[in-house]
Amino acid sequence: MASLYDLDRQYFSQLLKDHPTYRVEQIWKGLYNQGLQLQDITDLPKTFRQELALVEDLQPGLALLAEKIGDKGKTIKWLWGLKDHRQIETVLMLYPKRATVCISSQAGCAMGCTFCATGQGGFERQLTKGEILEQVIYAIRTAKQLNSKLTNIVFMGMGEPLANYASVWKAIRIINQEIGLAARHITVSTVGIVPGIRKMTQENLQVNLALSLHCANNESRNKIIPIGLRYPIEDIFNALLEYVQKTHRRVSIEWALMDNINDSYKDASELADFANPLDAHVNLIPLNPTPNWPTRGSNTHKVKQFQSFLSSLGVNATIRHNRGTDISAACGQLAAENTSSKGLIKIQSLK
Ligand code: SAH
Ligand code: SF4
């Protein structure tokens, strides 16, 4: 078992068949509703908790290898070791009235986007539902310890969530139904996996969908986002149009501004042609630097200019401020390289 959060209620019923039935509910509520570790579920007798602690299947799936703190304590990045020693990262961002966790859906990513540190490292494996959930639950616990509350979850860490559809959706259902976080506070970001968008159209939860477009013509896009060869812009557009029409939900478009690659008026105009019929909101961020890609992000002037190009073309766009660039925790910088413990500060020092 990759993580105790992969186990379902039936597993616990079977394991505890010689115990009173309410024990299962106590464990379930403790783990999901209260976000506790098994040994901290005080509704359970201490000796019983000690017994549970010895069960192999009930061990966590993620071991904390490093914790980095950036933005004066407001951004925290965790590097995790999985049971098979693969590594993933999770980023928690604290704001005055909310907290967002950016979680990974795969170890590595097969999509190969040239500008993304995860893509540069290639694909390792899918995460299980439990490994996805464990990141969320750890973030809930940490936010609480820091007198904050986890309010939002974004699938914008390592990996392509729609290429791990089944596990991602199983995790989303538990986040919604057991942990109790509203679906509209969960965002799935995709590079444009058309079958995944079509499946999301059939789901009955109000989860947000974000498309990482970055270029709105196939020729330029395919150079930096190779999976575009399989799913061209027209197909992505048609899938999104159906999604918007059927679900009445809004989609957002991510556009990382790359100097002289996608920041001209022509680029803005192609983006407007894509976004306007979908009534999509655009999020702009200057590209973050990564080790194996020479192009840098557009400067502040160009970012603002691009926003006003869009505005003149009838597109609403927000400039997003990056979190965690000082600890390589910003969008596209997650590479899970545990090379040193430099910058490792224990979270206790923040309390
Ligand atoms: N695979 C999914 C989700 C993870 S990537 C996707 O691609 O949407 C999360 C976001 O970070 C995406 O919008 C992605 O395009 C963006 N991103 C990747 N590398 C980046 C970089 N170097 N600078 C800024 N954003 C980047
Ligand atoms: Fe994968 Fe998203 Fe990075 Fe592209 S941007 S390589 S899809 S994680």
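Residues numbered from 1 in each chain as written. Chains lettered and ligands numbered in written order. Predicted model: local features only at pLDDT ≥ 70, side-chain atom pairs only at ≥ 80, totals over all residues. Heavy atoms only, no water.

Concerning the site of ligand 2
Ligand 2 sits among Cys109, Met111, Cys113, Cys116, Gly119, Gly159, Glu160 and Val191. Among the residues making up the shell around ligand 2, the classes are represented as five nonpolar, two polar and one charged. (Near = heavy atom within 4 Å. Nonpolar A, V, L, I, M, F, W, Y, C, P; charged D, E, K, R; others polar.)

Notes on the side chain of His214
Position of His214 among the secondary structure elements: in the loop between strand S9 (208-212) and helix H8 (218-224). Within polar-contact distance, the side chain of His214 engages the backbone oxygen of Glu254 at 3.4 Å. Within polar-contact distance, the side chain of His214 engages the backbone nitrogen of Ala256 at 2.9 Å. (Helix = DSSP H or I, 4+ residues; strand = E, 2+ residues; numbered from the N terminus. Polar contact = N/O pair within 3.5 Å; in protein donor to acceptor, adjacent residues only side chain to side chain.)

Regarding the site of ligand 1
The local shell around ligand 1 holds 21 residues, among which Phe115, Ser189, Ser212, His214 and Asn288 are the closest. Between a nitrogen atom of ligand 1 and a main-chain N or O atom of Gly159, the distance comes to 3.0 Å. Here Thr190 contributes a backbone N or O atom positioned 3.5 Å from an oxygen atom of ligand 1. For ligand 1, the protein covers 95% of the area, taking 530 Å² as the surface of the free molecule. Those elements giving two or more residues to the shell around ligand 1 turn out to be strand S8 (186-190) and strand S10 (251-257). (Areas by Shrake-Rupley, 256 points an atom, 1.4 Å probe, with all protein chains shown as cover.)

Focus: the domain arrangement of the chain
Accessible area lost upon the coming together of the parts serves often as the stated size of an interface. According to the domain assignment, the chain consists of domain 1 (4-57) and domain 2 (61-341). Centre-to-centre, using C-alpha coordinates, domain 1 lies 33 Å away from domain 2. Tallying the contact residues gives twelve residues for domain 1 and twelve residues for domain 2. In total, domain 1 and domain 2 occlude about 1,100 Å² of area from one another, counting both sides; carbon and sulfur atoms represent 48% of this. For the domain 1 face of the interface with domain 2, the top three residues by lost area are Tyr5, Asp6 and Tyr32, together amounting to 54%. Between the two partners, domain 1 and domain 2, sit one salt bridge. (Domains from an automatic or database assignment. Contact = heavy atoms within 4.5 Å. Buried area = accessible area lost by both parts, 1.4 Å probe. Salt bridge = Lys/Arg side-chain N within 4 Å of Asp/Glu carboxyl O.)

As for helix H7 (residues 194-202)
When H7 is considered as a whole, its buried residues turn out to be Val194, Gly196, Ile197, Met200 and Thr201. Viewed along the axis of H7, the buried residues span an arc of 160°, placing them on a single side of the element. Against helix H6 (165-179), S8, S9 and helix H9 (233-247) lie the buried residues of H7. (Buried < 20%, exposed > 50% of the residue type's maximum accessible area, 1.4 Å probe, protein only. Arc of directions from axis to C-beta.)

Focus on the environment of Glu89
By the secondary structure assignment, Glu89 is in strand S3 (residues 87-94). Note: C-alpha distance between Glu89 and Ile327 (238 residues apart in sequence) is 12 Å. For Glu89, the contacting residues outside a window of four places in its chain are Lys77, Trp78, Leu79, Ser104, Gln135, Met158, Leu334, Ala335, Ala336 and Glu337. For Glu89, the side chain forms a polar contact with the main-chain nitrogen of Ala336, separated by 3.4 Å.

Side note on the state of the cysteines
All told, the structure shown has zero disulfides when counted by the stated rule. Here Cys215 is not cross-linked by a disulfide; its sulfur's nearest cysteine counterpart is in Cys113, at 11 Å. (Disulfide = S-S within 2.5 Å.)

Some remarks on the side chain of Ser298
Along the chain, the position of Ser298 falls in the loop between strand S11 (281-286) and helix H11 (300-312). Given a relative accessible area of 5%, Ser298 falls into the buried group. Within the local environment of Ser298, its side chain forms a polar contact with the backbone nitrogen of Met258, the two atoms lying 3.5 Å apart. Apart from the residues within four sequence positions on either side, Ser298 is in contact with Leu257, Met258, Asp259, Asp263, Pro286 and Val303.

Structural notes on the sheet that holds S9
Strands belonging to one sheet form pairs held by backbone hydrogen bonds; the direction of such a pair is parallel or antiparallel. One open sheet holds the ten strands; their spatial order is S1-S2-S3-S4-S7-S8-S9-S10-S11-S12, and the pairing between them is mixed. Looking at the sheet topology across the chains shown, the edges are occupied by strand S1 (63-70) and strand S12 (317-319). Mean inter-strand twist for the sheet, computed between neighbouring axes without regard to direction, equals 20°. Sheet contacts for H9: S9 and S10; angle to S9, the most-contacted strand, approximately 165°. (Pairing = 2+ DSSP bridges. Axes fitted to C-alpha atoms, helices over the stretch in contact; angles between N-to-C directions.)

Here's the deal with the pairing of strand S7 (residues 152-155)
By the bridge criterion, three bridges tie strand S4 (residues 99-102) to S7 in an arrangement that is parallel. Within S7, the residue paired with Thr100 across the bridge is Asn152. Here S7 pairs with S8 via three bridges, running parallel. Paired with Phe155 across the bridge in S8 is Val188. With respect to chirality, the unit in which S7 leads through H6 into the neighbouring parallel S8 is right-handed. (Right-handed = clockwise from strand over helix to strand, strands pointing away.)

Side note on the packing of helix H2 (residues 22-33) against H6
Direction vectors running N to C along H2 and H6 enclose 110°, while the axes themselves pass 9 Å from each other. Judged by the angle between their axes, H2 and H6 are roughly perpendicular. Where H2 crosses over H6, the two elements pack in a sense that is left-handed. Between H2 and H6, the contacting residues are Trp28, Tyr32 and Asn33 on the first element and Ile174, Glu178 and Ile179 on the second. Classifying every residue of the contact of H2 with H6 by side-chain character gives four nonpolar, one polar and one charged. (Parallel < 35°, antiparallel > 145°, perpendicular 65-115°, else oblique. Left-handed = near helix turned anticlockwise from the far one by under 90°.)

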